[in-house]
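Report on the structure
Spelled out, the chains give:
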Amino acid sequence: GQLQLYKESHGVLRFSSLDCDVRSFSELQLDNCDVLEEKLTSICKLSGPPHNAGEGASGQLAAKTVKALSSLRDVDCVLLGMRRPEYVVGTLPLAFRSPPVDEQAASSAVRALNNTIAMWFATAIHEADHGTAKDWRLPVLEKQVTPEAVGG
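Structure report, in brief. (Residues numbered from 1 in each chain as written. Predicted model: local features only at pLDDT ≥ 70, side-chain atom pairs only at ≥ 80, totals over all residues. Heavy atoms only, no water.)

**Considerations on the overall build of the chain**
Under the convention used in this document: Runs of H or I in DSSP of at least four residues are treated as helices and runs of E of at least two as strands, each being numbered from the N terminus. Residue exposure (1.4 Å probe, protein chains only): buried if accessible area is under 20% of the type maximum, exposed if over 50%, otherwise partly exposed. When checking whether two residues touch, look at their non-hydrogen atoms; a contact exists if any pair is within 4.5 Å. All accessible-area figures derive from a Shrake-Rupley calculation using a 1.4 Å probe, and residue coverage is judged against the displayed protein chains alone.
Along its length, the chain carries four helices and zero strands. Along the chain, helices (α) and strands (β) appear in the sequence α-α-α-α when read from the amino end. Looking at the chain residue by residue over its 152 residues, the buried ones come to 28%. Partitioning the contacts of the chain with sequence separation of at least 6, the portion at a separation of at least 24 is 58%. Carbon and sulfur atoms make up 55% of the accessible area of the chain, which amounts to about 10,700 Å² in all.

Next up, the structure:
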């Protein structure tokens with residue numbers, strides 16, 4: 001199966017548990033990222049040996065996401081944003097120093113994350129404010145009446 005891409009989503013989805021400026025335009029808040037990381041940790045059993053990636057949400061959402069995606073049989077390459085080299089370096093130990101996650105667990109985790117993100121986007125589209133004015137729209141269907149020039 002394929003993951004659905006959200007081309008009409010508001011904001012930017014960043015897979016980061018970091019509480020920093022890179023998430024400032026994200027639809028997901030820090031606690032939402034923590035929920036995603038907790039799901040990955042639980043479904044893929046990443047907290048114990050041989051992965052030892054920390055309990056629940058430990059600020060390693062990117063590393064855990066890379067681990068789950070790279071454990072899928074049909075995934076040959078996982079692209080990782082490289083805004084800062086330390087972000088990439090932070091994912092490498094989990095990606096390369098432990099065996100792949102069980103493929104069924106990785107598949108279940110990716111589907112669970114996809115479903116969670118889809119639900120957030122589905123509910124966010126109906127929220128009153130996405131950071132833009134919702135009470136005004138350009139009146140493109142209304143006839144424009146130009147006021148007469150003053151003093152003419």
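**A closer look at helix 1 (residues 30-43)**
For clarity, the cut-off: The span one expects for a helix is its residue count, reduced by one, times 1.5 Å.
Between its first and last C-alpha, helix 1 extends 20 Å over 14 residues, near the 20 Å set by a 1.5 Å rise per residue. Those residues of helix 1 that fall on the buried side of the exposure criterion are Asn32, Cys33, Leu36, Glu37, Leu40 and Thr41. Immediately downstream of helix 1, the backbone of Lys45 shows phi near 55°, a positive value.

**Re the pattern of salt bridges**
Oppositely charged side chains can form a pair if their charged atoms are brought close together. Put simply, the rule is: Salt bridge, as used here, is a side-chain nitrogen of Lys or Arg placed within 4 Å of a carboxyl oxygen of Asp or Glu.
The full count for this structure, using the stated rule, is two salt bridges. One salt bridge in this structure joins Glu37 and Lys64, with 3.0 Å as the shortest N-O distance. You can see Glu37 sitting in helix 1 and its partner Lys64 sitting in helix 2 (residues 61-70), a full 27 residues away along the chain. Residue classification places Glu37 among the buried residues on the basis of a relative accessible area of 0%. Relative accessible area serves as the criterion here: at 0%, Lys64 is assigned to the buried category. Close ionic contact of Arg73 with Glu103 constitutes a salt bridge, the shortest N to O distance being 3.4 Å. Of this pair, Arg73 sits in the loop between helix 2 and helix 3 (85-96) while Glu103 sits in helix 4 (residues 103-124); the two residues are 30 residues apart in sequence, bridging distant segments of the chain.

**Details of the nonpolar core**
The condition that has to hold: Only buried residues count toward a nonpolar core, which is a set of Ala, Val, Leu, Ile, Met, Phe, Trp, Tyr and Cys residues joined through side-chain atoms within 4.5 Å.
Leu36, Leu40, Cys44, Leu46, Leu61, Ala68 and Val101 are the most contacted members of the largest nonpolar core, which totals 19 residues. The element that contributes the greatest number of residues to this core is helix 4, accounting for seven residues. Setting aside anything within four residues of it in sequence, one finds Leu46 in contact with Leu40, Thr41, His51, Asn52, Ala53, Gly54, Lys64, Lys67 and Val101.

**A short note on unusual backbone geometry**
A cis amide bond links Pro49 to the next residue, Pro50, at an omega of 5°. You can see Pro50 is positioned in the loop between helix 1 and helix 2. One non-glycine residue, Lys45, lies in the positive phi region at around 55°. For Lys45, the position within the fold is in the loop between helix 1 and helix 2. Not every positive phi belongs to a glycine, and Asn52 is a case in point at roughly 50°.

**Examining a nonpolar patch on the surface**
Stated precisely, the cut-off is as follows: Patches were defined on residues exceeding 30% relative accessible area and lacking a salt bridge, with like-charge contacts within 9 Å and nonpolar side-chain contacts (Val, Leu, Ile, Met, Phe, Trp, Tyr) within 5 Å.
Residues Val89, Leu92 and Phe96 make up a contiguous nonpolar surface patch of roughly 320 Å² in combined accessible area. By relative accessible area, which is 36% here, Leu92 ends up partly exposed.

**Examining helix 3**
Short version of the rule: The arc in question is formed by the directions pointing from the helix axis toward the C-beta atoms.
The first and last C-alpha atoms of helix 3 sit 17 Å apart over twelve residues, in line with the 16 Å expected at 1.5 Å per residue. For helix 3, the complete set of buried residues consists of Val88, Thr91, Leu94 and Ala95. Down the axis of helix 3, the smallest arc covering the buried residues is 120°, so these residues share one side. Facing away from the buried side of helix 3 by more than 90 degrees, the exposed set consists of Pro85, Val89 and Phe96. Where helix 3 is buried, its residues meet helix 2.

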